[in-house]
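Coordinate inspection notes
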Amino acid sequence: MSNPLLAIERLRVDFPDVVAVNDLTLTVGAGEVCGLIGPNGAGKTTTMRAISGLQECTRGSVKVNGHELASEPDELKRQLGFMPDFCPTYDQLTASEFLDHFARAYDVPNRTKRIEECLELTWLTEKTNALCEELSRGMKQRLVLAKTLLPDPKVMLLDEPASGLDPLGRIELRKILLQLREAGKAVLISSHILTELSGFCNTAAIMERGRLVTFGTIAELGQKMGRRQMSVKWRADDGKALEILKAANLKNLADTNLGATFDFDGDTNVLDELLKTLVLQGVRISEWRGTGDDLEQIFLQSGAKELM
Amino acid sequence: MKLFDNPIFITQKRLVHRGGVLAAALIAGLVGASLLSGLIAYLADPMNFNSFRSSQEAGKMFYGWTIGVEILVLVIGGFSRISRVLGEERKAGLWDSNRLTPLKPCQLVTGYWLGAPLREFYMAAILAAIGLVIVLLGRLPITLWLGSQVLIFSTALFFGLLGVLVGMTFQRPQGGVIFLVAFIFFQFPSFAMPKYMLTNFLLPTYGIANLFRDSGDSGNDYSLQEWRGMPEIFGVPIPPILLSIALQAFVGFFLWRAAVRKTANPFQPPLFRWETVALFGVLLIVQNGLIWGIWRGQFPTAANGGNFFDGQSLLPTVHGGTLLLATVVLAFVSPQPESVRVKALRSGIKDFAAIFPESSVLLALVLTGVAAMVLLSQFAFSFGSSWEIYLVVIGNLLDFVLIYSLLLEFCRLRFRRRALGFVALWLFILCILPFILGGVFSTGAIAKLSLLAPGVIALGDPTNENMNNLLGIVVGHFGIAVVLFIGWQRKWKELLARAV
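Residues numbered from 1 in each chain as written. Chains lettered and ligands numbered in written order. Predicted model: local features only at pLDDT ≥ 70, side-chain atom pairs only at ≥ 80, totals over all residues. Heavy atoms only, no water.

On to the overall build of chain B, then. In terms of regular secondary structure, chain B is built from 21 helices and two strands. The globule rule puts the C-alpha radius of gyration for 500 residues at 23 Å, and the 25 Å found for chain B is close to it. Here the C-alpha coordinates of chain B stretch approximately 75 × 60 × 40 Å along the principal axes. Out of the 500 residues belonging to chain B, those deemed buried represent 52%. Taking contacts inside chain B between residues at least 6 apart in sequence as the whole, the part at least 24 apart equals 74%. Accessible surface, chain B as shown: approximately 21,600 Å² in total, 69% of it carbon and sulfur. Within chain B, the 24 negative side-chain charges are centred at a point lying 12 Å from the centre of the 37 positive side-chain charges. (Helix = DSSP H or I, 4+ residues; strand = E, 2+ residues; numbered from the N terminus. Rg over C-alpha atoms; globule rule 2.2 N^0.38 Å. Buried < 20%, exposed > 50% of the residue type's maximum accessible area, 1.4 Å probe, protein only. Contact = heavy atoms within 4.5 Å. Areas by Shrake-Rupley, 256 points an atom, 1.4 Å probe, with all protein chains shown as cover. Lys, Arg positive; Asp, Glu negative; His and termini not counted. Charge placed at Lys NZ, Arg CZ, Asp CG, Glu CD.)

Right, let's get into the domain arrangement of chain B. Domain assignment breaks chain B into domain 1 (1-191) and domain 2 (274-500). The C-alpha centroid of domain 2 of chain B is placed 36 Å from the C-alpha centroid of domain 1 of chain B. (Domains from an automatic or database assignment.)

Before going further, it helps to spend a moment on the packing of helix α3 (residues 55-92) of chain B against helix α6 (residues 118-137) of chain B. Residue and element names in this part refer to chain B. Orientation of α3 relative to α6, taken along the N-to-C sense of each, is 170 degrees, at an axis distance of 9 Å. Comparing the axis directions of α3 and α6 gives the class roughly antiparallel. Listed contacts from α6 to Gly59, Phe62, Tyr63, Thr66, Val69, Glu70, Val73, Leu74, Gly77, Gly78 and Arg81 of α3 are Arg119, Glu120, Phe121, Met123, Ala124, Leu127, Ala128, Gly131, Ile134 and Val135. (Axes fitted to C-alpha atoms, helices over the stretch in contact; angles between N-to-C directions. Parallel < 35°, antiparallel > 145°, perpendicular 65-115°, else oblique.)

Moving on: the confidence of the model for chain A. With 88% of its residues at a pLDDT of at least 70, chain A reaches an overall mean of 86. The element-level mean pLDDT for chain A is lowest in helix α11 (residues 295-301) of chain A, coming to 67, with helix α3 (residues 95-105) of chain A highest at 97. (pLDDT = per-residue confidence, 0-100.)

All right, on to the domain arrangement of chain A then. On domain assignment, one finds that chain A holds domain 1 (6-223) and domain 2 (226-291). Here the C-alpha centre of domain 2 of chain A lies 41 Å away from the C-alpha centre of domain 1 of chain A.

Looking at where B:Arg99 falls in the secondary structure, it is placed in helix α4 (residues 94-99). We classify B:Arg99 as buried; its relative accessible area is 8%. Setting aside residues up to four positions removed in sequence, B:Arg99 forms contacts with A:Gly53, A:Leu54, A:Lys77, B:Leu108, B:Thr263, B:Ala264 and B:Pro266.

What follows is the structure, encoded as structure tokens:
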């Protein structure tokens, strides 16, 4: 990556009895959404707090759009939006007053208009004049997201952003994240619920016990993990399909009713050939699916599952 | 950025107004109006009131009550409000959210400092206005109103800064109130010697009482006799209002810097070492300057204590205050072991060179040196005959600060979160228990073993006491410090060994 918006190099954070983040190096470029994945206690939140400057780093460097945290913290603050894993709001302020507070703090131009935009973007326009204490947890979560979006930061850190959202809210969050990706933002998003991240993350970093287990694009990681589980289904069973599969010497081949599953760690061209053979032999294939290129599978294969 | 554009201030103002200010304003108005109506009733028919001999006396009484309520509201109420608001916002995560904005630390501090206690400011303004009417109706000099209001508001600002720092430091919002109660508790002994104790100027009790004393008809305020005239610092008379404001500004300057520094980076100590030494040194110089006129450098031979107090109790009280002040500043500067370990990890230095610059032990030695130089002012012209007293006092101070700083760091290393409890336990055993046992067994010999005793006894009864005996106790205490030093060193080494 030529010029990453977020560059973390050899970051280390020490707690009294544990190294919370150890030698972490990763980059997030413009238009990238990077999923920071790991079980509880892996160091995801500490990493985000360290990037934002809320947590003291033992060593290492954090750069946001070229601005170093240690030497240019003020410039870094202007370029960075951080949404914590809980929703700190002023209960006695209205949603618009809450946003006004931060718009003033960030010296946002055209404050009123920008506040309206952010409220609209997070579907809170109806709640403009509602007190924060009257908002549900999910609404508060969206309000804090609106606050994070206010100054239009280049880099966004979202710590478990969907944890309080209902299914509809999660879908809408997904849309916002895709919009941010389109807008060229660099987004680092943490979660231990992998289905949340699937679909819009183009890179992923898997952490375990403070260490980075693996990092790369989803495709790279899929390949890196090698073995993927395949699932195939056909319409009529005449035994032919299973025979072809058995002849291919596949690992862990299992017969499922009108279908089969198997593990595969070879060249994908071989898989294509196998599918071609099945079709040419007259097997009516209804499903041909690899489960190894989603985040859940990558995570499970990364070896970071012990703590789950 | 102007105060009224400061988002923290604006938000605090919104929160205060949303919480309601009318009821608070009405309460202040009713209290003030009640006092005012009392004065009006007296003025309308003085014969019905036997307690006052003149309108001025009545005016002083009613104005005294008015500012009493004002102090309660503004100083105590404002302090607790600021520390509580900050404590709650820290807990809620709003403090961190604000710290992540491009607002400067000084803007954050100002916003909370002046914004959080707005309700108390409104109430105080109403009381101050009613107070002015009382002063005018009571035919009291306007300087009484002006001087007392300046002092009350400067004290409120001073305590407000203290509230900011307490709110940023204490884990629980109630911590601030405990701090305030402790502060006021330690103020009481100084009422016995008003003109000579620094605390009467830091909290402007002397300044306000002095204004009342010098405002026209003294009436029956005989209890204020000791509060008349100007205090002197090394023989130079200083107006009490000026001294109070100067002291509050000086200490407030360091509180401000500490609050701003903690806002910018909560992981660093609130005071630099030079700031600690300057604060400690200047406060000791002022305190010793205030009592200089009694012995004029010839302690204990040429006592000139005046008529209103027992001069012998003065220097032991100052010694006790010095120990207390050292305790507070060392607690502020004493490092958290974890931060030293992280620094060692960064620098790669893992021997004692990594510890000493960070530890408060070195600072304890410096503070003792500063105190020794300042205390010399009381002994300057009688050193030949009283050097043993001086030696006992300085030895005692050295023992105390060394043991305290070693104990604090040792307990932090050994007991971590439970450290404060163990420090308190050991200080109780070393300082208080000997007095209790001395009382139980009716013998002064055990009481003398207290870590507090040698200096206090040497200064309190310098002619009758055997100084060699006290010196022996001081040496014994130093032995405790040496044992602690060995344990302290071992614990630090264990911690640094983990710095990998």
